[in-house]
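# Results of the structural survey
Spelled out, the chains give:
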Amino acid sequence: MRESIGYPPRPNVPSARRVYSRRYRVWAHVLLWTPIALTVAGVVLGLGLFAAADADPTYSSSALGYLGLVVWGGLAVLSPVLLGSFIAGLVMLIRTRS
């Protein structure tokens, strides 16, 4: 026997939109923009260190070039973490807007 005998059919009502808290939205923006800011700052810092090392004709500034390589190496090592944070923030932001 069917269980719906005696009851009217259920209406086709869309489910209620989920409301995300302000804290959730703030974390979405933090997770989205922090890796972007760190990547831009690292690239600019690395390029600045390379330019400073190249501008000085003496050999005393070669450490700046190596420091630029260390900065870029750090970006390469941290790229999976930065990418993961960016994707998580993007997904959270899409959820809040849909």
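Residues numbered from 1 in each chain as written. Predicted model: local features only at pLDDT ≥ 70, side-chain atom pairs only at ≥ 80, totals over all residues. Heavy atoms only, no water.

Counting secondary structure elements, the protein contains 2 helices and 0 strands. Relative to the 2.2 N^0.38 estimate, which gives 13 Å for 98 residues, the radius of gyration of the protein is 26 Å and therefore markedly larger than a compact globule would have. Overall size of the protein, expressed as C-alpha extent along the three principal axes, is 95 × 25 × 15 Å. When burial is assessed residue by residue, the protein has 18% of its 98 residues classed as buried. In the protein, 72% of the contacts between residues at least 6 apart in sequence involve partners at least 24 apart. (Helix = DSSP H or I, 4+ residues; strand = E, 2+ residues; numbered from the N terminus. Rg over C-alpha atoms; globule rule 2.2 N^0.38 Å. Buried < 20%, exposed > 50% of the residue type's maximum accessible area, 1.4 Å probe, protein only. Contact = heavy atoms within 4.5 Å.)

The next subject is the packing of aromatic side chains. Taken as a whole, this structure holds 2 aromatic pairs when the rule is applied. Residues tyrosine 20 and tyrosine 24 carry aromatic rings whose centres are separated by 4.6 Å and whose planes lie at 20 degrees to one another, so their mutual orientation is stacked. Ring centres 5.1 Å apart and planes at 80 degrees place the aromatic pair phenylalanine 50 and tryptophan 72 in the edge-to-face group. Of this pair, phenylalanine 50 sits in helix H1 (residues 22-55) while tryptophan 72 sits in helix H2 (residues 62-97), and the two are 22 residues apart along the sequence. (Phe/Tyr/Trp six-rings, centres within 6.5 Å; stacked < 30°, edge-to-face > 60°.)

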